[in-house]
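Each chain, letter by letter, is given below.
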Amino acid sequence: MEKRVGLFAVITFALVYHLLFFRHAMPVQEGWFQLFGENILKGQMPYKDFYSHFQPVYLYIHAFLVGAFGDGFMVGRIYGIFERILLLSSAYLLLTRFF
């Protein structure tokens, strides 16, 4: 029962934190991810046709998002919130298992 309450608290905190900045800030990487996703859909390859500071798997995830849901910035932001909640939840569950 304690794990569920803690997990709910972590998810709620992450959601509130990210929703505070959801429409007020835009990092540079957001445009890069969208552009790199479009380049991959055009047939170009990371590290061969264009250089990227990010791992190719992350770029292919964004290429899938651009291909499936369009090239709007909200797609990347919603995916980012989902990814952060998933990562924080996994870290919480892992840490509660060990400590």
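Below: a short report on this structure.

1. Concerning the pattern of salt bridges
So, point 1. On inspection of all chains with the given rule, the structure shows two salt bridges.
So, point 2. For Arg84, the salt bridge goes to Glu83, with nearest N and O atoms at 3.4 Å.
So, point 3. The class of Arg84 is partly exposed, set by a relative accessible area of 37%.

2. Observations regarding unusual backbone geometry
Note: most peptide bonds trans; most residues except glycine with negative phi.
So, point 1. Its identity as a non-glycine residue notwithstanding, Tyr47 has a phi of 70°, on the positive side.
So, point 2. Within the secondary structure layout, Tyr47 lies in the loop between helix H2 (28-41) and helix H3 (56-69).

3. Topic: the nonpolar core
So, point 1. Of all hydrophobic cores here, the largest spans six residues; its members are Phe33, Phe36, Ile40, Phe50, Leu59 and Ala63.
So, point 2. Contributions of two or more residues to this core are made by H2 and H3.
So, point 3. By residue number, the principal contributor to this core is H2, which donates three residues.
So, point 4. The residues touching Leu59, leaving out its near neighbours within four places in the chain, are Phe33, Phe36, Ile40, Pro46, Phe50, Ser52 and Phe54.

4. Overview of the layout of surface pockets
So, point 1. Reported here for the largest pocket is a volume of approximately 550 Å³.
So, point 2. For the largest pocket, the lining is made up of 26 residues, of which Pro27, Glu30, Gly76, Arg77 and Gly80 are closest to its centre.
So, point 3. Where the lining of the largest pocket is concerned, the elements lending two or more residues are helix H1 (2-20), H2, H3 and helix H4 (73-98).
So, point 4. If one sorts the elements of the lining of the largest pocket by residue count, H4 sits on top with nine residues.
So, point 5. Considering only residue class, the lining of the largest pocket consists of 13 nonpolar, eight polar and five charged.

Thresholds applied
Residues numbered from 1 in each chain as written. Predicted model: local features only at pLDDT ≥ 70, side-chain atom pairs only at ≥ 80, totals over all residues. Heavy atoms only, no water. Salt bridge = Lys/Arg side-chain N within 4 Å of Asp/Glu carboxyl O. Buried < 20%, exposed > 50% of the residue type's maximum accessible area, 1.4 Å probe, protein only. Helix = DSSP H or I, 4+ residues; strand = E, 2+ residues; numbered from the N terminus. Core = buried A, V, L, I, M, F, W, Y, C linked by side-chain atoms within 4.5 Å. Contact = heavy atoms within 4.5 Å. 1 Å grid on protein atoms, 1.4 Å probe; cavity = no way out; pocket = protein on both sides within 12 Å on 5 of 7 lines; lining within 4 Å. Points joined across faces, edges and corners; volume = space filled by probe spheres on them. Nonpolar A, V, L, I, M, F, W, Y, C, P; charged D, E, K, R; others polar.

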